[in-house]
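Spelled out from the first residue to the last, the chains are:
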Amino acid sequence: ETGLLDITGRADQVELDCDVLVGADCLYNKQIAKGLARLVDRAHSEGVQVMVADSVNIARDEFEDELKRLQREYKVKTVPLTFTGSAVGVDMDVTRNVSVAVYSLRG
């Protein structure tokens, strides 16, 4: 079963009824990045397996800064990826080269 979480509000008010929490390509602004960091920190503390991957690189620094502020240790691995797929606003497939940051939490 999957579900959708609103992470822009207070991370402490989100019900965590899950075994795994995945955040993929959702670090689009400071508010979301900081909210996701607070949520994954809390989830990890409660025993939830957490995976965050980001290829857009818009608010990665804010995400990492918030994890550091929370004193949550993390490891980030950068994975190069080339893929072809449809592009938003363009009626054709495009090939993209991206660098995906994959985060794992520690502690």
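For the structure, check the block above.
Owing to the predicted nature of the structure, the values given are computational and were not obtained by experimental measurement. (Residues numbered from 1 in each chain as written. Predicted model: local features only at pLDDT ≥ 70, side-chain atom pairs only at ≥ 80, totals over all residues. Heavy atoms only, no water.)

Participant: I would appreciate a short explanation of helix 2 (residues 60-69) in the present structure.
Facilitator: Residue pairs spaced three or four apart in an α-helix point in one direction, given the helix's 3.6 residues per turn. Within the span of helix 2, buried status applies to Arg60, Phe63, Glu64, Glu66 and Leu67. Each buried residue of helix 2 lies within a common arc of 160 degrees when the element is viewed along its axis, so the set occupies one face. The outward face of helix 2, more than 90 degrees from its buried face, is lined by the exposed residues Asp61, Lys68 and Arg69. Lining the buried residues of helix 2 we find helix 1 (30-45), strand 2 (49-54), strand 3 (74-87) and strand 4 (90-105). (Buried < 20%, exposed > 50% of the residue type's maximum accessible area, 1.4 Å probe, protein only. Helix = DSSP H or I, 4+ residues; strand = E, 2+ residues; numbered from the N terminus. Arc of directions from axis to C-beta. Contact = heavy atoms within 4.5 Å.)

Participant: Could you clarify how one ought to interpret the pairing of strand 3 in this entry?
Facilitator: Remember that side chains alternate between the two faces of the sheet whenever the strand is regular. Across 14 bridges, strand 3 lies against strand 4 in antiparallel orientation. Along strand 4, the bridge assignment pairs Val76 with Tyr103. Counted between consecutive antiparallel strands, the loop separating strand 3 from strand 4 contains 2 residues, among which Gly89 sits at a positive phi close to 80 degrees. (Pairing = 2+ DSSP bridges.)

Participant: I tried to follow the environment of Val22 on my own but got confused; where do I start?
Facilitator: Within the secondary structure, Val22 sits in strand 1 (residues 20-24). With 74 residues separating them in the primary sequence, Val22 and Arg96 have C-alpha atoms 23 Å apart.

Participant: Any chance you could explain the pattern of salt bridges here in plain terms?
Facilitator: Evaluation of the coordinates by the stated rule reveals 5 salt bridges. Note that Asp41 is salt-bridged to Arg72, the shortest N-O span being 2.8 Å. Here Arg72 lies in the loop between helix 2 and strand 3 and Asp41 lies in helix 1, a separation of 31 residues in the sequence. For the pair Asp41 and Arg72, one class covers both residues: buried. In the salt-bridge network here, residues are joined through shared partners; they are Arg38, Glu66 and Arg69. (Salt bridge = Lys/Arg side-chain N within 4 Å of Asp/Glu carboxyl O.)

Interpretation note: all reported values are geometric properties and have no functional meaning in isolation.
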